[in-house]
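# Structural features, examined
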Amino acid sequence: MYFAVITILPEMFTAVSEFGITGRAVQNKQVTIECINPRDFTTDNYRRIDERPFGGGPGMVMMAEPLAKAIEYAKSQASQHGCATDAAHCPVIYLSPQGGTLNETKVMALRQYDAMILLCGRYEGIDERLLQRYVDMEISIGDFVLTGGELPAMVLMDSVIRRLPDVMGDAKSAEQDSFVEGLLDCPHYTKPHEFEGLTVPEVLLSGHHANIAKWRFVEQVKRTKQRRPDLWQQFTPNAEQARLLKKVKDEIK
Ligand SMILES: COc1ccccc1CNc1ccc(C(N)=O)cn1
């Protein structure tokens, strides 16, 4: 997958492109991340990308023209990578508090694209006319305001990359088991057996895989009910899960 990131702080993106599972995906060429700085598309000597807002008020607004040129360049780069650059194949996504909130469903949907262009705002935001003309989708990572769209862009990239085929190996296959979607995760334990007087639930040491899967599912259900009743409300068990829920219904009260 090809990610073009429009940002005035490209150095930030080494956090995704050079470390961890996302860094390895870039190294393995499963993912390409190209940062494009709108300052490179300015024409004045000061390389201006922001100006005072019309109508007055605090702060600065990012100007439309340098961003428009940067987006056009990103589209030409995406097509160089063999990606179709219409909105259906390569959406321009603006990270902003005004967007629809990112969740696992949206992450799974984003995997369908060959490429995406992520637009990172700073200051008070971006000239509305740029958004009107160029932005296909506005996404928020939550109801809070940050100093820029770069961290949300990295959160989005991380969540999509980890879900690409062949990126997560065995961990992904573990995630594939049928109990995960829509429930919080179960507790995890590893060595040593005892930590500050605390031990490990016996079932996890039993080697009895069916009982271990059942225990994990019950823990996921209990946690989801306790911590996120809203998620529990939406949870629609599949046949296997419904069968198991019936069997354990007194355990999960
Ligand atoms: C004042 O900042 C802005 C104002 C308008 C747009 C973008 C920004 C950049 N900041 C962002 C971006 C995204 C999120 C999010 N919740 O996804 C939070 N903050």
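Chains are numbered independently. Their residues run from 1 in the order of the written sequence. Reporting of local features is limited, given that this is a predicted model, to residues whose pLDDT is at least 70; pairs of side-chain atoms are given and counted only at 80 or more, and all residues count toward the totals for whole chains, interfaces and linings. For the side-chain quantities, the full set of heavy atoms in the structure was used; hydrogens and water were omitted.

To continue, consider the domain arrangement of the chain. For the chain, the assigned domains read domain 1 (2-161) and domain 2 (178-247). Segment limits for the domains were obtained from an automatic or database-derived domain assignment. A straight line from the C-alpha centre of domain 1 to that of domain 2 covers 37 Å.

For the rest of this paragraph, the subject is the nonpolar core. The nonpolar core is taken to be a set of buried Ala, Val, Leu, Ile, Met, Phe, Trp, Tyr and Cys residues, with the residues joined through side-chain atoms within 4.5 Å. Throughout this description, buried means an accessible area under 20% of the type-specific maximum (1.4 Å probe, protein chains only), exposed means over 50%, and partly exposed covers the range between. Counting residues in hydrophobic clusters, the biggest one holds 27 residues, and the most contacted among them are F3, L110, M116, L118, L156 and M157. Secondary structure elements are taken from DSSP: a helix is a run of H or I of four residues or more, a strand is a run of E of two residues or more, and numbering for both begins at the N terminus. When residues of this core are traced back to their parent elements, those giving at least two are β1 (2-6), β5 (92-101), α4 (104-110), β6 (115-120) and α6 (150-161). Sort the elements by how many residues they give to this core and α6 lands first, with six residues. Any two residues having at least one pair of non-hydrogen atoms within 4.5 Å are treated as being in contact. In this structure, F3 is in contact with V31, T32, I33, E34, M116, L118, M157, V160 and I161, ignoring residues within four places of it in sequence. Judged by nonpolar contacts, the second largest core, of 26 residues, contains A4, A78, C83 and Y134.

Attention now goes to the sheet that holds strand β7 (residues 137-140). Spatial strand order, β2-β1-β6-β5-β7: five strands in an open sheet with parallel pairing. Here the strands that pair on one side only, and so sit at the sheet edges, are β2 (32-36) and β7. Across the sheet, the axes of successive neighbouring strands diverge by a mean angle of 35°, strand direction being ignored. Note that β5 and β6 share four bridges and pair parallel. Strands were regarded as paired on the criterion that DSSP finds at least two bridges between them. The convention used is that axes are lines fitted to C-alpha atoms, helices contributing only their stretch in contact, and that angles between N-to-C directions extend from 0 to 180 degrees.

The subject of this paragraph is the environment of G149. Looking at the secondary structure, you find G149 in the loop between β7 and α6. For the pair formed by G149 and G121, sequence separation is 28 residues and the distance between their alpha carbons is 5.2 Å. Those residues in contact with G149 that lie beyond four places of it in its chain are L95, C120 and G121.

Here we take up the environment of I33. Tracing the chain through its elements places I33 in strand β2. For I33, a relative accessible area of 18% translates into the label buried. Between the alpha carbons of I33 and A68 there is a distance of 19 Å; along the sequence they are 35 residues apart. Excluding anything up to four places from it in sequence, I33 contacts F3, V5, V16, S17, V26 and M157.

What follows deals with the packing of aromatic side chains. In summary, the pairing rule links any two rings of Phe, Tyr or Trp, Trp by its six-membered ring, whose centres are within 6.5 Å, and it sorts them by plane angle into stacked for under 30 degrees, edge-to-face for over 60 and tilted for everything else. Following the criterion strictly, the structure yields three aromatic pairs and no others. Relative to Y73, the ring of F41 has its centre 5.6 Å away and its plane inclined at 45°; by these criteria the two rings are tilted. Here Y73 lies in helix α3 (residues 64-80) and F41 lies in the loop between β2 and β3 (50-51), a separation of 32 residues in the sequence. For the ring pair W232 and F235, a centre distance of 5.6 Å and an interplane angle of 20° mean the geometry is stacked.

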